[in-house]
Amino acid sequence: MSTRVPARAERLLRWSLSPLDRPAILGDLEEEHTALRRTAGSAAADRWYWRQVLRSIAPNLWRRLRADPRREARFHSGLRAIAMGVLFLVPSLFVTSRRVPATVPIEWILCTIFGLCQVIVALVYRRVEAPSRQRRMLSWWSAGILSFWLIAGSWQLIPAGWLSVIVFGWLLALAMWPVWPRLPADLGADFRVQPKDGSGLGSAAWWLELPAESLGLSGLVLSRDWGVTASAHAARLPQVTIDRTFPPSARVRVRAAVNLSGRGERASVELLDCQGKQVWQAPAPLIVGKLVEVPASLDQLADRDPADHFGLIDEALPLATLEPGSYRLRVTVANDIFQSSHSDEVITIAPGQRP
Amino acid sequence: MKRPDALGEFEQAVLVAVAHLDDEAYGVTIRREIETRTGRTIAVGALYTAIDRLEAKGFVTSSMSDPTPVRGGRSKRHVRLSPAGRNALRQSREFLSRMWNGLRLEPTRRRV
């Protein structure tokens, strides 16, 4: 006899919930499922669980949409795109005396598909960065096709048509730019988080394994400011370093992600010498709302929402003030009840010129 | 036009259940309370939507408890009635009782 809730139903429910709602709702259903299993049997409890999940999907998705302004913006832009599609369709329905140009249905299909995709993405997917390239490409192509239809007017005038695409396509694309659905603003790549398996899309600036348990800490990442800011390629230089030996003049920061419990966490960073004696400690402010996850799989997307639920520790290490030698780095996070720490990083300060 | 702080039927049921349960009010108990008293089956998603709405209106406050093993190590969301919620419930009952005052709805009899 199964002692767990139906796995597929739980997965579906977990996916439909916003991260804030997950502990309470999953816990409620598990508690009731356990009670029902004792009184009515496993099959009845499983059926009840499935019914609850299926009946709750719509309100859950709606609440998840309303809880996230970027998701909501995407939803509304999808609706706008569908409305644009209808606008394209209406003339083609009324112009019955003329041959309906093939481009009108194409425009309608483009808008409707784009709008539906936006709505589905907003409801189903978790928020991701949306590059404005999609918008540019859609704008350019649809404007090109529209101008082809307007100026060439017929498929026989191929050279004139293509000329119009080249000359007027860009002008129309510019004119249409404001009316195309707006995607969420680029969030920047400063603080990007990717699960450690590395199967995500795009290039991540750092890889921080997100801790699943409350108040959990990710591994520590050391990043180094190389000081080549004058170079045009400065932004492309990798900040994350695998070096653990630094000259005293190096500017090194330690970074880690913390799973926030919402109980007023405090974080601190310490350096301990080889006897375990504390030589330096600093309270580290927890930066919230800056982590952006690169999606890897639907499960990971459903389980994590780093911007809201993970804090970032980002603290500079005072290498110049310490004697050369090896030090253990320890990051500690505590709230009123629990405390967790991570201390498996050893760094060495090499003898050298001090700034 | 509907007032922004007006109580819907289901919201009212949730508020009354929270008032009955006092410190014991969280998802499971609220759902059971409503189901026992009304005989209606409540979807957990709908219940939390109503709680969110009530919290946005300032009628209830909620807080997460510590994780418990019986719930797979998950927290409960405890709900408490706020003074504004208590007032809203009282006003709602007075409003309805004023409307019902003097009205007796007998079951209609079919003439033969």
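Residues numbered from 1 in each chain as written. Chains lettered and ligands numbered in written order. Predicted model: local features only at pLDDT ≥ 70, side-chain atom pairs only at ≥ 80, totals over all residues.

The helix and strand tally for chain A stands at 9 helices and 11 strands. With 355 residues in all, chain A has 31% of them scored as buried. In chain A, 70% of the contacts between residues at least 6 apart in sequence involve partners at least 24 apart. (Helix = DSSP H or I, 4+ residues; strand = E, 2+ residues; numbered from the N terminus. Buried ≥ 20, exposed ≤ 12 C-beta atoms within 10 Å, placed from the backbone. Contact = placed C-beta atoms within 7 Å.)

Counting its regular elements, chain B contains 4 helices and 2 strands. Tracing chain B from N to C terminus, the helices and strands come up as α-α-α-β-β-α. Considering only intrachain contacts with a sequence separation of at least 6, the fraction spanning at least 24 residues in chain B is 47%.

Attention now goes to helix α2 (residues 22-40) of chain A. Between its first and last C-alpha, α2(A) extends 26 Å over 19 residues, near the 27 Å set by a 1.5 Å rise per residue. Looking at α2(A), one finds that the buried residues are A:Arg22, A:Pro23, A:Ala24, A:Ile25, A:Gly27, A:Asp28, A:Leu29, A:Glu30, A:Glu31, A:Glu32, A:His33 and A:Arg37. Turning to α2(A), the residues buried within the fold contact α1 (7-16) and α3 (42-67) of chain A together with α2 (27-38), α3 (44-57), β1 (60-64) and β2 (77-81) of chain B. Of the residues trailing α2(A), A:Gly41 is marked for its positive phi of about 100 degrees. (Expected span 1.5 Å × (residues − 1).)

With that settled, consider the packing of α2(B) against α3(B). Residues and elements named next belong to chain B. Following both chains from N to C, one finds α2 and α3 inclined at 105 degrees, their axes separated by 11 Å at the closest point. In terms of orientation, α2 lies roughly perpendicular with respect to α3. Side by side, α2 and α3 meet where Gly-27, Ile-30 and Arg-31 of the first sit next to Val-44, Leu-47 and Tyr-48 of the second. Residue composition of the contact of α2 with α3, grouped by class: 4 nonpolar, 1 polar and 1 charged. (Axes fitted to C-alpha atoms, helices over the stretch in contact; angles between N-to-C directions. Parallel < 35°, antiparallel > 145°, perpendicular 65-115°, else oblique. Nonpolar A, V, L, I, M, F, W, Y, C, P; charged D, E, K, R; others polar.)

Counting from both sides, the interface comprises 17 residues of chain B and, opposite them, 19 residues of chain A. Elements with a minimum of two residues in the side of chain B that touches chain A: α2 and α3 of chain B. If you tally residues by element for the side of chain B that touches chain A, the top one is α3(B), at 6 residues. Taken together, the residues that form the side of chain B that touches chain A break down as 7 nonpolar, 5 polar and 5 charged.

For the rest of this paragraph, the subject is the confidence of the model for chain A. All names here are of chain A. Of all residues in chain A, 55% have pLDDT values of 70 or greater, and the mean over the chain is 70. Predicted confidence in chain A is weakest over helix α8 (residues 298-303), with a mean pLDDT of 46, and strongest over strand β5 (residues 266-272), with 90. Segment residues 126-132: pLDDT under 50, and 14 contacts once partners within four positions in sequence are set aside and those in other chains are kept. Contacts for the low-pLDDT stretch residues 194-205, under 50 throughout, to residues beyond four places or in other chains number 26 contacts. (pLDDT = per-residue confidence, 0-100.)

Taken as a class, soluble globular proteins show a tendency for nonpolar side chains to be buried jointly. Formed by 32 residues in total, the largest nonpolar core has its most connected members in B:Val14, B:Val18, B:Ile30, B:Leu47 and B:Ile51. Among the secondary structure elements, those contributing two or more residues to this core are α2 and α3 of chain A together with α1 (9-21), α2, α3 and β2 of chain B. Per element, the largest residue contribution to this core is 6 residues, and it comes from α3(B). Leaving out residues up to four positions away in the same chain, B:Val14 has contacts with B:Ile30, B:Leu47, B:Ala50, B:Ile51 and B:Leu54. (Core = buried A, V, L, I, M, F, W, Y, C linked by C-beta atoms within 7 Å.)

Our focus in this paragraph is the environment of A:Ala35. The residue A:Ala35 is located in helix α2 in this model. Along the backbone, A:Ala35 and A:Ala45 are 10 residues apart, and their C-alpha atoms lie at a distance of 8.5 Å.

Here we take up the environment of A:Asp21. Tracing the sequence through the fold places A:Asp21 in the loop between α1 and α2. The sequence separation of A:Asp21 and A:Arg64 amounts to 43 residues, and the corresponding C-alpha distance is 8.8 Å.

Each pair of packed helices can be summarised by the angle the axes make with each other and by the distance between the axes. Residues and elements named next belong to chain B. Orientation of α1 relative to α2, taken along the N-to-C sense of each, is 110 degrees, at an axis distance of 9 Å. Classed by the angle they form, the pair α1 and α2 counts as roughly perpendicular. Here Ala-13, Val-14, Ala-17, Val-18, His-20 and Leu-21 of α1 come into contact with α2, specifically with Thr-29, Ile-30, Glu-33, Ile-34 and Thr-38.

Residue and element names in this part refer to chain B. Burial of the side chains of β2 is restricted to one face: Arg-77, Val-79 and Leu-81 are buried, whereas none of His-78 and Arg-80 on the reverse face is. Here 5 bridges tie β1 to β2, and the two strands are oriented antiparallel to one another. Each bridged residue has a counterpart across the sheet, and for Met-64 the counterpart in β2 is Arg-77. (Pairing = 2+ DSSP bridges.)

In this model helix α4 (residues 83-100) of chain B runs 26 Å from its N-terminal to its C-terminal C-alpha over 18 residues, within 8% of the 26 Å that 1.5 Å per residue would give. Backbone geometry just after α4(B) places B:Gly102 at a positive phi near 85 degrees.

Below, the discussion takes up unusual backbone geometry. Phi at B:Asp22 takes a positive value of approximately 55 degrees, unusual for a residue other than glycine. With 9 C-beta atoms counted inside 10 Å, the residue B:Asp22 sits in the exposed group.

Let us now look at the confidence of the model for chain B. When pLDDT is averaged along chain B, the result is 85; 85% of the residues meet or exceed 70. Confidence estimates for the predicted assembly give a pTM of 0.53 and an ipTM of 0.86.

So, on to the environment of A:Ser18. All names here are of chain A. Of note, Ser-18 is situated in the loop between α1 and α2. Each C-alpha atom of the pair Ser-18 and Arg-63 lies 7.7 Å from the other, and the pair is 45 residues apart in sequence. Residues in contact with Ser-18, not counting those within four places in the same chain, are Arg-63, Arg-64 and Ala-67.

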